[in-house]
Each structure stands twice: as C-alpha cells, then as structure tokens.
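Now for the letters of each chain:
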Amino acid sequence: MVHFTNKDRMRKRHYWRLDTKSVTLFQSDTGSKYYKEIPLAEILSVDTARSLQGDVMHCFELRTTNVDYYVGEDPLYGQKDATGVTLPPADSGVGAHLAKSWETSIRQALMPVTSHPKGDISDEPEERITDMSQLYQIFADEVLGSGQFGIVYGGVHRKSGRAVAIKVIDKLRFPTKQEAQLKNEVSILQNLSHCGVVNLERMFETSERIYVVMEKLKGDMLEMILSSQNGKLSERITKFLITQILVALKHLHSENIVHCDLKPENVLLSSDSDFPQVKLCDFGFARIIGEKSFRRSVVGTPAYLGELLRDRA
C-alpha cells in the first residue's frame, strides 16, 4: 500500500497487515522486518481524503495523536477515459478499489471509529466526550464474557494505555426490564468508590448500543474454585477472601446499599495470585435500604434462591 504522512511527504510502499491490535507495515510480503506498527488504540479517526498540494490524490487518512497517514493513490484521479482504464493490480499498492477495502477493514477493526476533524481529542475534557471510540479501543477478539444481551470485551484507554473491560449491549435485543437493571447498576456504581467494589469508569449510549466501561480484572471466584485442586479452596485462602467480601459488604451497607445477588460469579479477582484483592460486581439487582420495594421484592439468581424461597413458602 502506498502512503505518506504529514511529517514526511515522500511516498512509501509497504505490505500492510491488519490484526485485532494493530496495523503493521512490512518491508516485504514474506519477511518479518517491518517499517512501522500502528496500534489500533492510537488511531483517533479514519477520514475521507482531503485535498492536499500535489498532483496525485490519496484515498483516505489515518489520524493518530502525533502523525497523520495519507493512504492509497488513485492513478485515475482527475483523468477522463471514455474507453475505460484497466484497474491497477493489487500488488502495485495503488488504486482506489484497494484503498477502499483497507479503509473498510480498519473501520470495522476499530469497532467503530468516527471522524473527529476539529482537532485532537486531548483538546476537549474527557468527561465531555460522548463518543466511546474516541476514548477507548475495543479488542474484538478478546471476549471476557458473554450473556443473552451483550458481550464483555477487553479494551484499552487510548490516551493512557490502561486496560479496561467494556460491556457492549445490543439495545434491540435488550428488554426494558433489563435496561432498567443496567441503569440501576450504573447509578449505584458511579457513586461508589471502594477497593472491594469494581470500578465503573463511564457509560456511553447510542441509538443501537450501550457501552459500559469498567476496570479489567483477571477472573472470578467461581473460576478460582473450579480450577483449584479438588475443586475447593484451602481454609486459609477461603478466610482471606471471605474477610474481603465482608469488608466490601460492610461498606455497601454503610451506604444503604444491599447487593441482593451475591454469588461466586459476582466476586471478581484482581490477579491470579493465591491471595488476590476481591471486587464485588453486577449490581443490577441491588436495592437501596429504605426504598418501598426493598422489603417486598425477591431478586437474585434462581439457583441461589432455593433456601430463601422455601422459607417464604
């Protein structure tokens, strides 16, 4: 693919390779030496070509924090040929058809990216940015979990490089009741700050999707139990984890919040060590002490409600 930048107008030709984390510009189509690696997390926008000084028009632009890449070359730009012109071969690195396929592929890999022509996103405070893709990059092949209405992906905060987990929810498949639970969870977590509660960074909403950005953790307590020897934890580790859970619950109760769905799957772990920090998550069923529905409602996961339901029968 032919390309040049705003800092070096000399046109270069490299063999581009796209994966879920970056675009790599190789020196040959078979070797491992490469000229440049452009992490997807550093791409701020993919824009249509603008007019620049010069005879040959590029096809699209990749804008990063420090460098703008002008990609592709259309040899037919400005020409009129009534008899038709044979398109250049793909290995030539030129041609609008080739550049368009790359532009489409990169846009899809960014999941999604939008134009931001008014300047770098650092010019605007983060709390005022409403386009999730301007702040975070989702890694589509890094699925951390999935459910009936959404998938949790690994991702990264573009500016700091901090790893995050991003829950992507399809609103078309999301019932009104579940949407209310999600917004209940977000409203509760946004007002909590404790080492034993998962940190929720932001929520973004479009006409089609809801994006919930949280801190990224290693796994959950159930996974730890099932992967341990004989499918159970030692007494020492169990005491350590339970103590942390109780400390987190004490903090929640001091804030008049009851979790209502505490189970091993909702106890996340900060690391793979034997004694990790635990983080309570999934506050969709949480209740505020004193609200009218607090004592009347029975909520939670059915498999963990057997004893409670039997006692009420």
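Keep in mind the model is a prediction, meaning the values are calculated, not measured.

Q: I'd love a proper account of the UniProt feature "binding site: ATP" (unreviewed entry) in the protein chain, names of residues and values included.
A: Following the UniProt record, the feature "binding site: ATP" (unreviewed entry) maps to Lys-167 here. Tracing the backbone through its elements, the reader meets Lys-167 in strand S11 (residues 163-170).

Q: Describe helix H1 (residues 96-110), naming the residues involved and giving the relevant values.
A: The terminal C-alpha atoms of H1, which comprises 15 residues, lie 21 Å apart, in line with the 21 Å expected from a rise of 1.5 Å per residue. Those residues of H1 that sit buried are Leu-98, Ala-99, Trp-102, Glu-103, Ile-106, Ala-109 and Leu-110. Along the axis of H1, the buried positions cluster into a sector of 135 degrees, meaning they face one direction only. Of the surrounding elements, those touching the buried residues of H1 are strand S3 (15-18), strand S4 (22-26), strand S6 (43-48), strand S7 (60-64) and strand S9 (136-146).

Q: Before we move on, could you go through the sheet that holds S4 and cite the residues and values that matter?
A: Sheets are built from strands paired through backbone hydrogen bonds, the pairs being either parallel or antiparallel. Across the sheet, which stays open at both edges, the three strands sit in the order S3-S4-S5 with antiparallel pairing between neighbours. Looking at which strands have only one partner, the edges of the open sheet turn out to be S3 and strand S5 (34-39). In this sheet, adjacent strand axes meet at a mean angle of 15 degrees when their direction is disregarded. Most of the contacts of H1 go to S3, to which it runs at about 30 degrees, and overall it touches S3 and S4.

Q: I'd like a rundown of the pattern of salt bridges, residues and numbers included.
A: Applying the stated criterion across every chain, the model contains 10 salt bridges. Among the ionic pairs, Glu-103 bridges to Lys-100, the shortest N-O distance being 3.9 Å. With a gap of three residues between them, Glu-103 and Lys-100 both fall in helix H1, about one helical turn apart. With a relative accessible area of 6%, Glu-103 lands in the buried category. For Lys-100, a relative accessible area of 48% translates into the label partly exposed. Residue Glu-142 pairs with Lys-216 through a salt bridge whose shortest N-O separation is 2.2 Å. Linking Glu-142 in strand S9 with Lys-216 in the loop between strand S13 (209-215) and strand S14 (219-220), this pair joins segments that are 74 residues apart in sequence. On the basis of relative accessibility, which here comes to 32%, the residue Lys-216 falls in the partly exposed class. Linked by salt bridges that have partners in common, Lys-100, Glu-103 and Arg-107 make up one network.

The rules we used
Residues numbered from 1 in each chain as written. Predicted model: local features only at pLDDT ≥ 70, side-chain atom pairs only at ≥ 80, totals over all residues. Heavy atoms only, no water. UniProt positions renumbered as here; feature names shortened; annotations may be inferred. Helix = DSSP H or I, 4+ residues; strand = E, 2+ residues; numbered from the N terminus. Expected span 1.5 Å × (residues − 1). Buried < 20%, exposed > 50% of the residue type's maximum accessible area, 1.4 Å probe, protein only. Arc of directions from axis to C-beta. Contact = heavy atoms within 4.5 Å. Pairing = 2+ DSSP bridges. Axes fitted to C-alpha atoms, helices over the stretch in contact; angles between N-to-C directions. Salt bridge = Lys/Arg side-chain N within 4 Å of Asp/Glu carboxyl O.

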